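Observations on chain architecture
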Amino acid sequence: MKSTRINNCLWVAISISIALLSVNAAAQNAKPIDVSKSRVADHWTSERRAAAIPRDLVIDPRGLGYLRRPDGALQPYGHNVAAQANSPSLTPSPFGKPGAGDTTPPDISGWDPKADATIGASYTFKATVTDASGVKSVTFKIQKAGSTVQSFSATKSAGSNVWSVALQGFTDGDWSWSVVAKDKAAGGNTRTVGPIAFKVSTGGGGGSGGSGGTVTNAQWTAGGAVQTAAGRLYFEMPNNAQRTGPWTGYVCSGTVAADGTTGRSVIITAAHCVYDDANKAFARNVMFIPDQAHTTASGTDRNCSNDPLGCWVPSFGVVDVAWTIRTFPDNIAWDYAFYVVADSGAHQQGFNSTLDVLDTVAGSLPVSFAAPNHDVASSSVDFTYALGYSYSADPKFMYCAEDMTTTGTANWWLGSCGLSGGSSGGPWVQPMDTTAGTGPIISMNSWGYTNQPGMAGPKLVGTSAACVFGAAKVGPIPSTTQLDGDAGIKVDPSTTCP
């Protein structure tokens, strides 16, 4: 017995020694971040991170592009045409009161959920309401079959005519809802739309809702591969074509893609998060933070060490030249791009990462250039998840999910998606294995409309996307720091991928 105890103690000592040697070996594999890339990480102070805004591109009913600011204001993008006012200008009333003599009730459109839709346990109800005299109030009346009606006051989204209210606690069954809108005319005119029937199904994965049940904007809680592979991108773009003066800090989302190469990792994101098509320059001071949702901080700060996997600094970006010679929204068909991260000298460590190879530490998702399912009636095969990092819910990792359709010829469409700014470039996954949190990336968050909910994503099938990805996998990693605005490759598919 005594000999056994001694042998056991010796085995424990040997095991501890082996473990320590393994830790030391792993630590030795981690190399110091290159000086040039360390400057990028140091550049993103807590103040600069906090000041960075979403690069949130939207299109108005006239087809003009705008950058939607965090307060909802619309900044002209690539032109100088001011955004339309929320309501038409009023003709002065002879009685001195706005709306005097107005007997027309508000117009109600774009209600969401639509008739016969299926939602999950939580949902953001929306409707577009306009009126010449102005809208005084919008109320949503919601009822489960056999229960009493409940009323909720909707609020107006800044810079749009969309009224909404986020609700939770829905239970399985048949429900209905109505929209009641009142204008500011003397006496008030009221219009009601509904009841609109919908169903609730609370089963499934992710945050709330699941396959077959529309989710507009919820926190991703299923974890898995997408949790660690997706992350937040910080970068700066110039404020003019001369690249003079201060550059503006932005936030987007991106995902480590399975590239099958050595010596580098590749991040898939939106082209508007890589190249400024208005001022014709690649982004500078780019930094990627995978799985930032699990930071030990309360939100955005300057400390990479409190993020589980730390921070990575890409060497360059890759876009289709067609994105660069046009300006949004004329180039929406090419809003896909990639960042390339070297396997050495690009990593500032986090509390749970020692190795420097991004796709080894964070994992990756495959990118599919095959045709995905869409517009399939009475089936969930086209059920698609769109994910990204929220600006307003920093640092939460959010998602929306529903059956995928199309808008125009160049884009897929998720009509109820309510992801907030900061999610641009985040992955669209179809099908999603919610148990493992994995699946093929078939698109990414690209743009929305100014006057209705929804998110568009570029088509990867039948486009140059595979060619651009191929260029990201073989393009030479620069040995020296490139000039601000020049750190990238513009791929001409006609010559690169004939």
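Described below are features of the structure shown in this document. (Residues numbered from 1 in each chain as written. Predicted model: local features only at pLDDT ≥ 70, side-chain atom pairs only at ≥ 80, totals over all residues. Heavy atoms only, no water.)

**Thoughts on the sheet that holds strand 2 (residues 57-59)**
Our working rule: For two strands to count as paired, DSSP must find a minimum of two bridges between them. Only runs of H or I of at least four residues qualify as helices and only runs of E of at least two qualify as strands under DSSP, and these elements are numbered from the N terminus.
Spatial ordering of the open sheet is given by 4-3-2-31, a layout of 4 strands whose pairing is mixed. What marks the edges here is a single partner per strand, and that holds for strand 4 (74-76) and strand 31 (448-449). As paired strands, strand 3 (residues 65-68) and strand 4 are joined by 3 bridges and run antiparallel to one another. Note on strand 4: the bridge partner recorded for Leu67 is Gln75.

**Re helix 2 (residues 35-43)**
Selection criterion: Buried residues are those whose accessible area, probed at 1.4 Å on protein chains only, stays under 20% of the maximum for their type, while exposed residues exceed 50% and partly exposed ones sit between those limits. Any pair of residues with heavy atoms lying within 4.5 Å of one another is described as a contacting pair.
Turning to helix 2, its buried residues number three or more, namely Lys37, Ser38, Val40, Ala41 and His43. Those residues of helix 2 that are buried lie in contact with helix 3 (46-51), strand 15 (230-237), strand 20 (284-290) and strand 24 (347-348).

**Things to note about the side chain of Asp343**
The condition that has to hold: In this tally Asp and Glu are treated as negative and Lys and Arg as positive; neither His nor the chain ends contributes. Each salt bridge in this description consists of a side-chain nitrogen of Lys or Arg and a carboxyl oxygen of Asp or Glu lying within 4 Å of one another. Here a polar contact means two N or O atoms within 3.5 Å. Within protein one must be a hydrogen donor candidate and the other an acceptor candidate, and residues neighboring in sequence count only if both atoms are side-chain atoms.
Within the element layout of this structure, Asp343 appears in the loop between strand 23 (337-342) and strand 24. Within the buried set, Asp343 has no salt-bridge partner at all; the shortest N-O distance to an opposite charge, 7.7 Å, is to Arg264. Within the structure, the side chain of Asp343 is placed 2.9 Å from the backbone nitrogen of Gly263, a separation counted as a polar contact. A distance of 3.3 Å separates a polar side-chain atom of Asp343 from the backbone nitrogen of Arg264.

**Points about the sheet that holds strand 14 (residues 215-219)**
The condition is simple: Comment: axis = line fitted to C-alpha atoms, over the contacting stretch for helices; angle = value between 0 and 180 degrees taken between N-to-C directions.
Sheet architecture is open: 5 strands sit in the order 14-26-25-29-30, paired in antiparallel fashion. The strands lining the two open edges of the sheet, one partner per strand, are strand 14 and strand 30 (441-444). Within this sheet the neighbouring strands show an average axis-to-axis angle of 25°, counted without direction. Relative to strand 30, strand 29 (residues 427-429) is paired through 3 bridges, and the arrangement is antiparallel. By the bridge assignment, Pro427 is partnered in strand 30 with Met444.

**A word on helix 7 (residues 465-474)**
Taken as a whole, helix 7 has its buried residues at Ala465, Cys467, Val468, Phe469, Ala471 and Ala472. In this fold, the buried residues of helix 7 make contact with strand 16 (248-257), strand 17 (264-269), strand 22 (316-320), strand 23, strand 33 (488-491) and helix 8 (493-496).

**Some words on the pattern of salt bridges**
On inspection of all chains with the given rule, the structure shows 8 salt bridges. The residue Arg284 makes a salt bridge to Glu236 at a minimum N-O spacing of 2.8 Å. Taken together, the positions of Arg284 in strand 20 and Glu236 in strand 15 put the pair 48 residues apart, joining distant regions of the chain. Owing to a relative accessible area of 5%, Glu236 belongs among the buried residues under this scheme. Several salt bridges converge on common partners, so that one network encompasses Glu236, Arg284 and Asp484.

**Structural notes on the state of the cysteines**
For clarity, the threshold we go by: The disulfide definition used here is simple: a pair of cysteine sulfur atoms within 2.5 Å.
Scanning the model with the defined rule gives 4 disulfides in all. With a sulfur-sulfur separation of 2.1 Å, Cys252 is cross-linked through a disulfide to Cys273. Between Cys252 and Cys273, the disulfide has an S-S torsion of -70° and is therefore left-handed. One end of the pair, Cys252, is in strand 16; the other, Cys273, is in the loop between strand 17 and strand 18 (275-276), and 21 residues separate them in sequence. Each member of the pair, Cys252 as well as Cys273, carries the same accessibility label: buried. With a sulfur-sulfur separation of 2.1 Å, Cys400 is cross-linked through a disulfide to Cys417. Between Cys400 and Cys417 the sulfur-sulfur dihedral comes to about -85°; the bridge is accordingly left-handed. Of this pair, Cys400 sits in strand 26 (residues 397-403) while Cys417 is found in the loop between strand 28 (411-414) and strand 29, placing the two residues 17 residues apart along the sequence.

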